[in-house]
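The chain contents come next:
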Amino acid sequence: MNQEETILDPNVGWALLLAFGILWVGLGLYWGRKSKSLDGFMLAGRNVGIAFGSATAMATWVTSNTIMVVPQFGLKMGVWGLLAFTTASFGLFLFAPMAARIRNLMPRGFTSGDFIRLRYGKVAWSVFLGISLFYSMAWLVSMAMAGGIVLEALAGINYKYGMSMILLVCVLYTLVGGLYAVIGTDFIQSVVILIGIIAVAIAALSRIDLGNAYETSVQTQPALFDALLPVALLSLFNNMFFGFGEVFHNNVWWSRAFAIRKKVVAKAFSLAGLLWLPIPLAVGFSALFSNSLGINITDIDMTGPLIAGELLGSAGAVVLFVVIFCSLGSSIDSLLAATSDLLAEDVYKKMFNPGVSDARLRSISTVIIVGLGLVTWLICLPRIGNLMSVLFFAGPFVGSAVWPVVTGLYWKRSNELGAVLSMLCGSAVGLYSYFEYGWYTASLVATIVSMLITFGSIALSKTHFQWSKLNEEKL
Amino acid sequence: MNHALIRMRTQFRTVAAFLFVAILQLPIALGEGFLEPEGSSYRTDDGTVPLVWGETERNLSGDRVYEVRRWGLDASGLGQLVYEGEDTASFVSGLGEGDYVFRIRSKAKGDAYPDWGDEGLNVTVDYIDMAIVWPLMGAGALSFVVLIGTIALGRRATEGSESS
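Residues numbered from 1 in each chain as written. Chains lettered and ligands numbered in written order. Predicted model: local features only at pLDDT ≥ 70, side-chain atom pairs only at ≥ 80, totals over all residues. Heavy atoms only, no water.

### What about the overall build of chain B?
Along the backbone of chain B there are 2 helices and 7 strands. Ordered by position in the sequence, the α and β elements of chain B form the string α-β-β-β-β-β-β-β-α. Here chain B holds 164 residues, and 37% of them are scored as buried. Residue pairs at least 24 apart in sequence account for 62% of intrachain contacts in chain B once pairs closer than 6 positions are excluded. Accessible surface computed for chain B: about 9800 Å², of which carbon and sulfur atoms make up 58%. (Helix = DSSP H or I, 4+ residues; strand = E, 2+ residues; numbered from the N terminus. Buried < 20%, exposed > 50% of the residue type's maximum accessible area, 1.4 Å probe, protein only. Contact = heavy atoms within 4.5 Å. Areas by Shrake-Rupley, 256 points an atom, 1.4 Å probe, with all protein chains shown as cover.)

Next up, the structure:
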């Protein structure tokens, strides 16, 4: 296929974009009728069941990065690269018991920032907020960029128009419906994603002669099948700790822990992890054989769309278009909602206006959602870096937050000084490792450094934290 | 005499036509190279090389065909085909550790390729040292086990209070 050709007619692309855009905004308006209170808007009334709960966790974790970056992992790092990406599901498995603990300790909690502030104090809270907001913006930017890139690759829609349209749709339905709309659309999107990915994987499998493709690939790209490929071995652990950091610290997951019913919250996250586990393999395996199939990858960011288009033709491209649009929507809306909660609750209310009414805070939230959308749009307008570099630059920061969160939930001796130092030193050493050795070491190094400092501070600590202090309502 | 003159004239025309075609091909053969990576050598730590050899606008009409091949430094012969077609970029991956030379040539559709030039892109694949990889992996595995242990033991220790 010539790099200038697109798989779908641009008119078909625009029609799909408009149809799904109208559908999501319409559903947002429908579900938004329920979100009358602040609890409703931010946390869907704290009464989400296991079906919607697991669907929203799974759909949120199937980001555009899963669809777009997994084939890149396969193309660059082979079999180990694909396995490395599946380790991101471990984050959901391990967060399951933590979510139950969070619900128990903070029955009226709102954000992950609340936890850090009450558990460790304001200094740790400030550092944590900085990390969390930086990561959230990197995630948002990488997803909006992915949206623009994929629309351009599949349907020839100009990057700027496609990226703007996706952001606009997500901002609109998050704005009108709050977390009710986010979780409701996530449910539909998760069903579409699962069906679409299974269809794409089956169609790809039926078109690849695995025996021949393997033999050719081993000849031309031997490193992809090398069991001791250094970069892939390191990315296995790096990706796993990056995933832990993303899930454990980010308010996207904490807001779901607060929103899902206490009795089913652990099961919902475990089920989401189980549903998510095979997705990277299904999405990315064909990238291992792109060379032997004669598919020329002209731009690393377009690996997935180019392979799908070549293997599956227009029908496959339509399915992929819909799957990617759903995965983009399910993640961008969640991130917009959760980050606006963090800014409204932790920054505006806790730092500037503690006496603010719920109604006023809700309108502040809507302003923040629009603002976040606008800032993301401005950052994405010039296409900066590739998707992997944008995303993995945030790795050391989130990796350094793993241990303060985990020990903060379970160990009374975990303390503020240890939390602050582990986040700062973990991020700094992780960043050094990013530039000195490569992105595939950054989260791993940050997590290890953070662990050593956390454990050292606990060993020297005389802190004996009272868990009841986390229940702000009782206080 | 006339016959000899006619033969000479025909031979002269043939030689002139050959020289004309050769001169036209010369800039293409000499000027062929990669726009990216810049320079004559490139070092990678993950076995990948993003090759770009022309602006996308340059070949919009699709009137040129490109051939990219790679050679190991110690190898001669035809080398290994990396790409042949109308695209003006190719992402190469899965290279084992070692040194390679990438070369490119092009032709108008229907014409023959010129000979390979001597110039090429020298690529060195140098993966991160295993002496760094193993300790990092060991520390990662240890951190993973301790993390699971912390959550599992913490869960057991707090189970009573959570069920109440």
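### A few points about the packing of aromatic side chains
Note on aromatic pairs: each is described by the distance of the centres and the angle between the planes. Residue and element names in this part refer to chain A. Applying the stated criterion across every chain, the model contains 40 aromatic pairs over all chains. Pairing tyrosine 135 with tryptophan 139 gives two aromatic rings, centres 5.7 Å apart and planes at 35 degrees, and the pair type is tilted. Separated by 4 residues within a single helix, tyrosine 135 and tryptophan 139 lie in helix α7 (residues 122-155), roughly one turn from each other. Judged on exposure class, the residue tyrosine 135 and its partner tryptophan 139 are both buried. Relative to phenylalanine 225, the ring of tyrosine 214 lies with its centre 5.1 Å away and its plane at 85 degrees, an arrangement referred to as edge-to-face. Of this pair, tyrosine 214 sits in helix α9 (residues 210-220) while phenylalanine 225 sits in the loop between α9 and α10 (230-249), and the two are 11 residues apart along the sequence. Linked through ring pairs, Trp61, Phe73, Phe85, Tyr135, Trp139, Phe242, Trp253, Trp276, Phe392, Trp439 and Tyr440 together constitute an aromatic cluster. Directly above the ring of tryptophan 467 sits arginine 101, whose terminal nitrogen or CZ lies 4.6 Å from the centroid. (Phe/Tyr/Trp six-rings, centres within 6.5 Å; stacked < 30°, edge-to-face > 60°. Lys NZ or Arg CZ within 6 Å of the ring centre and 35° of its normal.)

### Remarks on the packing of α10(A) against helix α11 (residues 251-259) of chain A
Residue and element names in this part refer to chain A. Here α10 crosses α11 at 50 degrees, and the two axes come no closer than 5 Å. Classed by the angle they form, the pair α10 and α11 counts as oblique. In this structure, α10 uses Glu246, Val247, Phe248 and His249 to contact α11, whose residues at the interface are Asn251, Trp253 and Trp254. Broken down by class, the residue content of the contact of α10 with α11 amounts to 4 nonpolar, 2 polar and 1 charged. (Axes fitted to C-alpha atoms, helices over the stretch in contact; angles between N-to-C directions. Parallel < 35°, antiparallel > 145°, perpendicular 65-115°, else oblique. Nonpolar A, V, L, I, M, F, W, Y, C, P; charged D, E, K, R; others polar.)

### As for the side chain of A:Asn251
Residue and element names in this part refer to chain A. With respect to the helices and strands, the residue asparagine 251 is situated in helix α11. The buried category is assigned to asparagine 251, whose relative accessible area is 1%. Every residue in contact with asparagine 251, bar those within four places of it in the chain, is listed here: Phe110, Thr111, Ser112, Ala338, Asp341 and Leu342.

### Details of the interface of chain A and chain B
Each partner contributes to the interface: chain A provides 47 residues, whereas chain B provides 41 residues. Surface buried jointly by chain A and chain B totals about 3900 Å² across both partners, of which 69% is contributed by carbon and sulfur atoms. Our count for the contact surface shared by chain A and chain B stands at 1 salt bridge. Note that A:Lys76 and B:Asp46 form a salt bridge whose closest N and O atoms lie 3.6 Å from each other. Across the contact surface, chain A and chain B share 9 residue pairs in polar contact (both at pLDDT 80 or more). For the side of chain A that touches chain B, the secondary-structure elements that each account for two or more residues are α4 (64-86), α5 (88-105), α9, α10, α18 (402-410) and α20 (439-460) of chain A. (Buried area = accessible area lost by both parts, 1.4 Å probe. Salt bridge = Lys/Arg side-chain N within 4 Å of Asp/Glu carboxyl O. Polar contact = N/O pair within 3.5 Å; in protein donor to acceptor, adjacent residues only side chain to side chain.)

### Some thoughts on the side chain of A:Arg119
Residues and elements named next belong to chain A. If you trace the backbone, arginine 119 turns up in helix α6 (residues 112-120). In this structure arginine 119 is buried but unpaired, with glutamate 416 as the nearest side chain of opposite charge at 9.3 Å. Among the polar contacts made by the side chain of arginine 119, one reaches the main-chain carbonyl oxygen of serine 414 at a distance of 3.1 Å. Excluding residues that lie within four positions of it along the chain, arginine 119 makes contacts with Thr407, Gly408, Trp411, Lys412, Ser414, Phe465, Trp467 and Leu470. (Lys, Arg positive; Asp, Glu negative; His and termini not counted.)

### Digging into the pattern of salt bridges
Enumeration according to the criterion identifies 9 salt bridges over all chains in this entry. Its salt-bridge partner being A:Arg256, residue A:Asp186 comes within 3.4 Å of it at the nearest N-O pair. Taken together, the positions of A:Asp186 in helix α8 (residues 159-207) and A:Arg256 in helix α11 put the pair 70 residues apart, joining distant regions of the chain. Summarising the burial analysis for this pair, A:Asp186 and A:Arg256 share the class buried. A salt bridge links B:Glu67 to B:Arg69; its shortest N-O distance comes to 2.7 Å. B:Arg69 matches B:Glu67 in its accessibility class, with the two residues each being buried.

### Notes on the sheet that holds strand β4 (residues 80-85) of chain B
All names here are of chain B. Read across the sheet, 5 strands follow the order β1-β7-β6-β3-β4 without closing on themselves; strand pairing throughout is mixed. The open sheet has two edge strands, β1 (41-44) and β4, and neither has a second partner. This sheet shows a mean twist of 20 degrees between the axes of neighbouring strands, independent of strand direction. In the sheet, strand β3 (residues 64-72) pairs with β4 via 5 bridges, with the strands oriented antiparallel. Looking at the pairing, glutamate 67 lines up with glutamate 84 of β4. (Pairing = 2+ DSSP bridges.)

### As for α8(A)
All names here are of chain A. Given a rise of 1.5 Å per residue, 49 residues ought to cover 72 Å, yet the end C-alpha atoms of α8 are separated by just 30 Å, more than 12% below that figure. For α8, the principal kink sits at glycine 178 and spans about 120 degrees. For α8, the capping residue at the N-terminal end is asparagine 158, with a side-chain oxygen 2.8 Å from the backbone nitrogen of lysine 160. (Expected span 1.5 Å × (residues − 1). Bend = angle between axes of the 7 residues up to and from the residue.)

### Digging into unusual backbone geometry
For the bond running from B:Glu36 to B:Pro37, omega is -10 degrees, close enough to zero to count as cis. For B:Pro37, the location among the structural elements is in the loop between α1 (2-31) and β1.

### So, the nonpolar core
Among the nonpolar cores identified, the biggest contains 201 residues, and A:Phe95, A:Phe248, A:Trp253, A:Phe269 and B:Phe102 are the most heavily contacted of them. For A:Phe269, the contacting residues outside a window of four places in its chain are A:Ala57, A:Leu92, A:Phe95, A:Ala96, A:Ala99, A:Trp253, A:Arg256, A:Ala257 and A:Ile260. (Core = buried A, V, L, I, M, F, W, Y, C linked by side-chain atoms within 4.5 Å.)

Scope: geometric values only; no functional claims are made or implied.
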